[in-house]
Amino acid sequence: MFILSKLLSAITQPLFWLAVWWGVALLLLTFVATRRRAALRMLWSGLAVLGLLGFEALPQALLRPLENQYSVPSPESVSRHAGVIVLGGATQHPGIFQARGQVPLGEAAERMSTPVGWMRQHDKLQLIFSGGEGRLLATGVTEAELAQAFYKEQGVDMRRVTLEGGSRTTRENARQVAALLGDRCQQPWLLVTSAWHMPRSVPEFESVGCQVTPYPVDFRTGDSTPWTEYSLARSVMLWQVALHEWLGLAVYQLTRPSKP
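Criteria and thresholds
Residue positions within a chain follow its written sequence, with the count starting from 1. Confidence filtering applies because this is a predicted model: local features only for residues at pLDDT of at least 70, side-chain atom pairs given and counted only at 80 or more, and all residues used for totals across whole chains, interfaces and linings. Excluding hydrogens and water, the side-chain figures rest on all heavy atoms present in the structure. Two rings belonging to Phe, Tyr or Trp (six-membered ring only in the last case) form a pair when the distance between their centres is within 6.5 Å. Interplanar angles under 30 degrees mark stacking, angles over 60 mark edge-to-face geometry, and anything in between is tilted. Strands are runs of DSSP state E lasting at least 2 residues, helices are runs of H or I lasting at least 4, and numbering of each runs from the N terminus. Burial classification: accessible surface area is computed with a 1.4 Å probe over protein chains only, and a residue below 20% of its type maximum counts as buried, one above 50% as exposed, and the rest as partly exposed. The rule is short: NZ of Lys or CZ of Arg within 6 Å of the ring centre and within 35 degrees of the ring normal puts a charge over the ring. Patch definition: residues above 30% relative accessible area lacking any salt bridge, with like charges linked at up to 9 Å and the nonpolar side chains Val, Leu, Ile, Met, Phe, Trp and Tyr linked at up to 5 Å. Working definition of accessibility: Shrake-Rupley area with a 1.4 Å probe, residue cover restricted to the visible protein chains. The term salt bridge refers to a pairing of a side-chain nitrogen on Lys or Arg with a carboxyl oxygen on Asp or Glu at a separation within 4 Å. In this description, a nonpolar core means a group of buried Ala, Val, Leu, Ile, Met, Phe, Trp, Tyr and Cys residues linked to one another through side-chain atoms lying within 4.5 Å. The contact definition used throughout considers only heavy atoms, calling two residues in contact when any of these lie within 4.5 Å. In a helix, the anticipated span is given by 1.5 Å times the number of residues less one. Throughout, the arc means that of the directions going from the helix axis to the C-beta atoms.

*Asks:* So, the packing of aromatic side chains: which residues are in play, and what are the values?
*Replies:* Considering all chains together, one arrives at five aromatic pairs under this definition. Aromatic pair F55 and Y230: ring centres 4.8 Å apart, planes at 80°, arrangement edge-to-face. Here F55 is found in the loop between α3 (36–53) and α4 (57–67), whereas its partner Y230 is found in the loop between β5 (211–217) and α10 (232–255), with 175 residues between them in sequence. On the basis of an interplanar angle of 75° and a centroid distance of 4.7 Å, the ring pair of W118 and Y215 is categorised as edge-to-face. A residue pair is termed long-range when its members are at least 10 positions apart, and W118 in helix α6 (residues 110–121) and Y215 in strand β5 qualify at 97 residues. As far as burial versus exposure is concerned, W118 and Y215 are alike and both buried. Between the NZ or CZ atom of R171 and the centre of the ring of Y252, over which it lies, the distance is 4.6 Å. The ring centre of Y252 lies 4.8 Å from the NZ or CZ of R200, which sits over that ring.

*Asks:* Pulling in residues and values, what's your account of a nonpolar patch on the surface?
*Replies:* Taken together, the side chains of I11, F16, W17, V20, V24 and L247 make up a nonpolar region of the molecular surface, amounting to roughly 490 Å² of accessible area. As for its placement among the helices and strands, V20 is situated in helix α2 (residues 14–31). When its relative accessible area of 37% is taken as the criterion, V20 is described as partly exposed.

*Asks:* Tell me what's going on with the pattern of salt bridges, and back it up with residues and numbers.
*Replies:* Counting across every chain of the model gives eight salt bridges. The salt bridge partner of E56 is R234, with a shortest N-O separation of 2.6 Å. Separated by 178 residues along the polypeptide, E56 in the loop between α3 and α4 and R234 in helix α10 bring together distant segments of the chain. By relative accessible area, which is 43% here, R234 ends up partly exposed. The partner of E204 in a salt bridge is R256, with the nearest N and O atoms 2.7 Å apart. With a gap of 52 residues between them, E204 in helix α9 (residues 198–207) and R256 in the segment after α10 connect regions that are remote in the sequence. Residue E204 is classed as buried on the basis of its relative accessible area of 2%. What makes R256 partly exposed here is its relative accessible area of 22%. Through salt bridges with shared partners, a single network forms among E107, D218 and R220.

*Asks:* Describe in detail the nonpolar core, supporting the description with residues and values.
*Replies:* W118, L127, F129 and Y151 are the most contacted members of the largest nonpolar core, which has 26 residues in total. Of all elements in the fold, only β1 (83–87), α6, β2 (126–130), α7 (143–153), β4 (188–194) and β5 reach the threshold of two or more residues within this core. When residues in this core are grouped by element, the largest group, six residues, is from α7. Every residue in contact with L127, bar those within four places of it in the chain, is listed here: V84, V86, P115, M119, Y151, R160, V161 and T162. Within the second largest apolar cluster, 15 residues are counted, among which are L87, I128, W189 and V212.

*Asks:* Pulling in residues and values, what's your account of the side chain of N173?
*Replies:* By secondary structure assignment, the location of N173 is in helix α8 (residues 170–181). In contact with N173, other than residues within four places in its own chain, are L87, S130, G131, E164, S167 and F205.

*Asks:* Account for α2, with residues named and values stated.
*Replies:* Helix length check: α2, at 18 residues, gives a terminal C-alpha distance of 26 Å against a target of 26 Å (1.5 Å per residue), a fit within 8%. Tucked into the core, α2 has its buried residues touching α3 and α10.

*Asks:* Before we move on, could you go through α4 and cite the residues and values that matter?
*Replies:* Within the sequence span of α4, burial applies to A57, P59, Q60, L63, R64, L66 and E67. Across the axial projection of α4, the buried residues extend over an arc of 160°, all falling on one side. In the core, the buried residues of α4 are packed alongside α9 and α10.

In structure tokens, the structure reads:
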């Protein structure tokens, strides 16, 4: 599953397929003289697709159904839970931490930061962070280690924090946390991850017998997106997130074992 998830990250990048398309066109243009006109059409059509990719309304239309699947619980409900399970995915390359001594947070920073206030407000709340080494080429630093440094910087009581650094995928997150908590996983826990990632995460935790209340963060969409919103760089990233998550959701549904 880990290798498959890394392959999904490659094939769900629109620019990857555009590069393949243009590469085929250039090969035809260079080596097959009779296909020159077809090659030129491929080059121009690829350029047109690249231009269309910049309209953010398109990928956001794919992300919105995922993000709308679970609503945000009320602040009052936090205290009714044994603790919060935070999934990794909020940090950037650990080389920055190794070189600069600061924890680099990415666009999904809310995964890490949201529980900090809860830990200060509710002195009995426990925090479980789940995130290991999710790169094909290991760096030697897990997300759990970065989380430990981050929560210490934020003044969180580390006696109430448990770090799980062995998981590399969402499915492994669920299994490792379930093994870590044992029977306590049947108590009510808040599950914090990106809103678009929640539809894949909740069934995984439920399949291992954990009782979780989804608390989605890191929203990428609003109620609607005007067609005037255009940014090629930002939109391409949204396309990758949307395609990766929809494809991952399908794979997980097909391969998920039945509940215990």
